[in-house]
Amino acid sequence: MIGRLITLEGLEGVGKSTNMEFIQRKLQEAGIDVDVTREPGGTPLAEKIRALVLDTADEPLPDLCELLLIFAARSAHLENRIRPALDHGRWVLCDRFTDATFAYQGGGRGLPLEIIARLEGLVQSGLKPDLTILLDTPVEIGLERIRERGGTDRFESQRLEFFQRAREVYLSRAQQEPERCVVVDANRPLTQVQDDLAKIIEVYLSNF
Ligand code: TMP
């Protein structure tokens with residue numbers, strides 16, 4: 001029995017948390033033992049790095065430093081939690097993964113995508129998600145939801161253009177890797193979004 005890594009991606013305010021729970025439930029109903037986690041974070045050490053990356057501090061966090069911290073957290077998460085789970089045949093459902101780094105640090109911050117790809121190769125040694133679901137909405141809609149719930153971390157406070165660039169990278173990666181990525185239009189009533197998610201999971205599971 002081989003474990004699988006499923007990732008859920010999307011900009012702020014697309015409904016990731018609610019849909020993480022929905023996907024978890026669908027997998028569990030299918031009898032799958034699933035470990036639910038998130039990035040940056042997922043282990044005590046990686047959660048400490050998450051706080052460094054998200055908290056607004058007195059000292060500016062240079063873009064490259066942010067990128068390296070995110071991959072440092074990913075390295076701990078992979079070696080101490082994700083790989084051991086997969087090796088034991090468990091499935092891992094992760095709220096964001098390296099597509100978010102391409103989108104936010106590459107698209108949003110403007111760091112070269114080749115640098116991110118090199119770090120991905122170094123840290124992940126070929127490990128990639130088996131399935132990635134991208135929840136997509138126009139940027140304005142997601143940001144409006146963030147404003148309503150009062151989010152102010154280092155990313156939530158970015159300007160519209162940052163998220164527009166991030167969205168473009170997300171969508172272009174999904175287009176380039178259609179065997180791994182499925183895009184779901186999240187700008188619809190939740191029941192419709194979840195009907196799609198249920199179908200995606202059903203089709204994915206029918207291949208085993
Ligand atoms: P979230 O847990 O609310 O999704 O917040 C995590 C934030 O971190 C979110 O704004 C996106 C950002 N992030 C990156 O910038 N790069 C990454 O690689 C990941 C995983 C998250």
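Residues numbered from 1 in each chain as written. Predicted model: local features only at pLDDT ≥ 70, side-chain atom pairs only at ≥ 80, totals over all residues. Heavy atoms only, no water.

Before going further, it helps to spend a moment on the overall build of the chain. Helix and strand counts for the chain come out as 8 helices and 5 strands. The order of helices and strands in the chain, counted from the N terminus, is β-α-β-α-α-β-α-α-β-α-α-β-α. In terms of overall size, the chain behaves like a compact globule, its C-alpha atoms giving a radius of gyration of 16 Å where 208 residues would be expected to give roughly 17 Å. In terms of overall dimensions, the chain has C-alpha extents of about 50 × 40 × 30 Å along its principal axes. Burial statistics for the chain: of 208 residues in total, 51% are counted as buried. Long-range contacts, defined as pairs at least 24 residues apart, comprise 79% of the intrachain contacts of the chain with a sequence gap of at least 6. (Helix = DSSP H or I, 4+ residues; strand = E, 2+ residues; numbered from the N terminus. Rg over C-alpha atoms; globule rule 2.2 N^0.38 Å. Buried < 20%, exposed > 50% of the residue type's maximum accessible area, 1.4 Å probe, protein only. Contact = heavy atoms within 4.5 Å.)

Before going further, it helps to spend a moment on the site of the ligand. Around the ligand there are 15 residues in total, and E12, R50, R96, T101 and Q105 lie nearest to it. Here an oxygen atom of the ligand and a side-chain polar atom of R50 are 2.9 Å apart. Contacts to the ligand include R96, whose side-chain N or O atom sits 2.5 Å from an oxygen atom. Protein chains bury 92% of the 480 Å² of accessible surface belonging to the ligand in isolation. Secondary-structure elements contributing two or more residues to the shell around the ligand are α2 (44-54), α3 (63-87) and α4 (98-108). The element contributing the most residues to the shell around the ligand is α4, with 4 residues. Broken down by class, the residue content of the shell around the ligand amounts to 7 nonpolar, 2 polar and 6 charged. (Near = heavy atom within 4 Å. Polar contact = N/O pair within 3.5 Å; in protein donor to acceptor, adjacent residues only side chain to side chain. Areas by Shrake-Rupley, 256 points an atom, 1.4 Å probe, with all protein chains shown as cover. Nonpolar A, V, L, I, M, F, W, Y, C, P; charged D, E, K, R; others polar.)

If you look at the biggest cluster of nonpolar residues, it comprises 42 residues, and the most contacted ones within it are L11, I23, L27, Y104, I133, L135 and L197. Excluding its chain neighbours within four sequence positions, the residues that come into contact with Y104 are G10, L11, E12, R96, R109, F155, F162, F163, A166 and Y170. Counting 17 residues, the second largest nonpolar core, distinct from the first, contains L5, L67, C94 and V123. (Core = buried A, V, L, I, M, F, W, Y, C linked by side-chain atoms within 4.5 Å.)

Within a regular beta strand, the side chains point alternately toward one face of the sheet and then the other, so they alternate between its two faces. When you tally the buried positions in strand β1 (residues 5-10), you get 6 out of 6 residues, the bulk of the element. Side-chain alternation along β1 places L5, T7 and E9 on one buried face and I6, L8 and G10 on a second face that is also buried. With 4 bridges joining them, β1 and strand β3 (residues 91-95) adopt parallel strand pairing. Bridging from a neighbouring strand, L8 pairs with D95 of β3. (Pairing = 2+ DSSP bridges.)

Overall, parallel pairing links the 5 strands, which are arranged β2-β3-β1-β4-β5 in an open sheet. Each edge of the sheet is formed by a strand with only one pairing partner; in this case those strands are β2 (34-38) and β5 (181-185). Going from strand to strand, the sheet's axes swing by 20 degrees on average, the running direction of each strand aside. Along the sheet, helix α7 (residues 160-176) contacts β1, β4 (131-136) and β5; its crossing angle with β4, the most-contacted strand, is approximately 140 degrees. (Axes fitted to C-alpha atoms, helices over the stretch in contact; angles between N-to-C directions.)

This part covers α4. For α4, a buried count of 11 out of 11 residues is recorded, marking the element as mostly surrounded by other parts of the structure. The complete set of buried residues in α4 reads T98, D99, A100, T101, F102, A103, Y104, Q105, G106, G107 and G108. Looking at the buried residues of α4, the elements they touch are β1, α3, α5 (113-124), β4 and α7. Following α4 by one or two positions, G110 adopts a phi angle in the positive range, close to 85 degrees.

With that out of the way, let us pick up α5. The terminal C-alpha atoms of α5, which comprises 12 residues, lie 16 Å apart, in line with the 16 Å expected from a rise of 1.5 Å per residue. Where α5 is concerned, the buried positions are I116, L119, E120, V123 and Q124. An end-on view of α5 places all buried positions within 105 degrees of arc, on one side of the element. Set apart from the buried face of α5 by more than 90 degrees, the exposed residues are E114, R118 and L122. As for α5, its buried residues are in contact with α3, α4 and α7. Just downstream of α5, S125 is the residue with a positive phi angle, here 40 degrees. (Expected span 1.5 Å × (residues − 1). Arc of directions from axis to C-beta.)

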